[in-house]
Amino acid sequence: MRFAARTAGLAGVDTHPHVASTVDAKRYTDYVLARLRPDQHFLATEFSLVKLWKRHLKDPVDPGFAARRGFARGTPVWQVLEAATRQRFAQDEWNDFLATASWLQAHRDYLTEQIAAFRATGRLAVAGYGITQDRGGAADFGPDKTPWVLNSLFCPRTVRDGAGGLPGENPVWLPRFRAAQHG
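Residues numbered from 1 in each chain as written. Predicted model: local features only at pLDDT ≥ 70, side-chain atom pairs only at ≥ 80, totals over all residues. Heavy atoms only, no water.

(A) Region of the structure containing the packing of aromatic side chains. As enumerated under the stated definition, the model contains twelve aromatic pairs in all. Considering the side-chain rings of Trp94 and Phe97, the 5.8 Å spacing of their centres and the 40° angle between planes classify their relative orientation as tilted. Of this pair, Trp94 and Phe97 both sit in helix H6 (residues 91-99), three residues apart, which is roughly one turn of that helix. For Trp94, a relative accessible area of 0% translates into the label buried. (Phe/Tyr/Trp six-rings, centres within 6.5 Å; stacked < 30°, edge-to-face > 60°. Helix = DSSP H or I, 4+ residues; strand = E, 2+ residues; numbered from the N terminus. Buried < 20%, exposed > 50% of the residue type's maximum accessible area, 1.4 Å probe, protein only.)

See the structure below:
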């Protein structure tokens, strides 16, 4: 940050605020802005609450989801994600899993709210988001793995391809990301 602030040719910095709470997201942005020159901007090429999602990997999945989808009562979240990375879910099963994850649903407006918070600084240049799940984020899924698979707009590692070969989608983030393009 010091280098960026003291280097006249730099218009700003690229940030990746992957945090555990919305409070941490604000702290992150405040930290960055306090260290830039007033004429500099920031990019947020990726941002998420992935550290919060990780805290819930050992929680049991919703009992209704487990019963509907053939998982034993008390199955931890990480085992459902591991199952999805081994044998991709149908889109409706993925949607059901995400819809019943109360800890994720409690933050379903995070993307929209965080983009608004970035824009409100007056110093945002670009806000992007994780487009697609990658091989490394889905490989060897276990209870201590960072759950990047929950962040992406498109889910080719956890959801079977849809009509016409289109990748599976994350129904929490994709509609909000699309809406943010017009905000």
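Picking up after the structure, the text goes on.
(B) Expanded view of unusual backbone geometry. Even without a glycine there, the phi angle at Asp140 is positive, about 50°. Relative to the elements of secondary structure, Asp140 occurs in the loop between helix H9 (135-138) and helix H10 (174-180). Overall, the relative accessible area of 76% leaves Asp140 in the exposed class.

(C) Highlighting the sheet that holds strand S2 (residues 41-44). The sheet built from three strands is open, its strands ordered S1-S2-S3 with parallel pairing. Among the strands making up the open sheet, the edge pair consists of strand S1 (12-15) and strand S3 (124-127). Taking each pair of neighbouring strands and ignoring which way they run, the sheet shows an average axis angle of 10°. Relative to S2, S1 is paired through four bridges, and the arrangement is parallel. Along S2, the bridge assignment pairs Asp14 with Leu43. Along the sheet, helix H8 (residues 110-120) contacts S2 and S3; its crossing angle with S3, the most-contacted strand, is approximately 160°. (Pairing = 2+ DSSP bridges. Axes fitted to C-alpha atoms, helices over the stretch in contact; angles between N-to-C directions. Contact = heavy atoms within 4.5 Å.)

(D) Representation of the packing of helix H2 (residues 22-35) against H8. With their axes 11 Å apart at the nearest point, H2 and H8 run at an angle of 25° to one another. By the angle between their directions, the pair H2 and H8 is classed as roughly parallel. When you trace H2 past H8, the crossing you get is right-handed. Contacts from Thr22, Ala25 and Thr29 in H2 reach Tyr110, Gln114 and Phe118 in H8. Along the lines of polarity and charge, the residues of the contact of H2 with H8 split into three nonpolar, three polar and no charged. (Parallel < 35°, antiparallel > 145°, perpendicular 65-115°, else oblique. Left-handed = near helix turned anticlockwise from the far one by under 90°. Nonpolar A, V, L, I, M, F, W, Y, C, P; charged D, E, K, R; others polar.)

(E) The arrangement of the side chain of Gln105 in detail. In this fold, Gln105 is placed in helix H7 (residues 102-105). Among the residues examined, Gln105 registers a relative accessible area of 17% and is labelled buried. Those residues in contact with Gln105 that lie beyond four places of it in its chain are Leu98, Ala99 and Val172.

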